[in-house]
Amino acid sequence: MLLSAFGSLLQLLYLAMLVLAVVAFVFAATAREDAYRAADKKKKSFWLIILGVAVAVNLLIPMLFLQLAGVIASIVFMVDVRPALKEVSGGSGGGGRKGGSSSDGPYGPYNGGR
């Protein structure tokens, strides 16, 4: 019984590593090529290869050491590269709105009730 619980926990860990690698790969694939250059990060093709190998390893080769290497690459992309790409691309989660003043609200500039 304890062994089956450990097996289930290990399967959840493998699934989480796969999901992280797939999400990082999708984000890497959808970012613009020029954003990588502007953010002074490695090329888009570099990240697609690294993250693609991470996805393939998680799907095909159940070796924990290789899977952990893929998780590290995915975490580096998500924590370091992706925020830099978003900053350069102007994406800050503001509904696609670029620029603006600090007094702008969701429906335009705030004028203080005038």
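Scroll up to find the structure.
What you are looking at is a predicted structure, and each value in this text was computed from that prediction instead of being measured.

Visitor: Looking at this model, I keep getting lost on the overall build of the protein chain. Mind explaining?
Guide: Secondary structure assignment for the protein chain yields 4 helices and 2 strands. Shown N-terminal to C-terminal, the secondary structure of the protein chain runs as helices and strands in the order α-α-α-α-β-β. Across the 114 residues in the protein chain, those meeting the buried criterion constitute 23%. Put simply, of all contacts in the protein chain between residues at least 6 apart along the chain, 61% involve residues at least 24 apart. By element, 68% of the accessible surface of the protein chain is carried by carbon and sulfur atoms, the whole surface being about 8000 Å².

Visitor: How do you make sense of the side chain of Gln67 when you look at a structure like this?
Guide: Among the secondary structure elements, Gln67 is positioned in helix α4 (residues 64-89). Not counting chain neighbours up to four residues away, the residues in contact with Gln67 comprise Tyr14, Met17, Val57, Asn58, Ile61 and Pro62.

Visitor: Can you help me understand the pattern of salt bridges in this one?
Guide: Taken as a whole, this structure holds 3 salt bridges when the rule is applied. In this structure, Asp34 and Arg32 form a salt bridge, with 3.0 Å as the shortest nitrogen-oxygen distance. Owing to a relative accessible area of 45%, Arg32 belongs among the partly exposed residues under this scheme. Note that Glu33 and Arg37 form a salt bridge whose closest N and O atoms lie 3.8 Å from each other. Placement of the pair is Glu33 and Arg37 together in helix α2 (residues 33-38), with a separation of 4 residues, close to one helical turn.

What counts and how
Residues numbered from 1 in each chain as written. Predicted model: local features only at pLDDT ≥ 70, side-chain atom pairs only at ≥ 80, totals over all residues. Heavy atoms only, no water. Helix = DSSP H or I, 4+ residues; strand = E, 2+ residues; numbered from the N terminus. Buried < 20%, exposed > 50% of the residue type's maximum accessible area, 1.4 Å probe, protein only. Contact = heavy atoms within 4.5 Å. Areas by Shrake-Rupley, 256 points an atom, 1.4 Å probe, with all protein chains shown as cover. Salt bridge = Lys/Arg side-chain N within 4 Å of Asp/Glu carboxyl O.

Remember that the coordinates give geometry; whether it matters functionally is a separate question.
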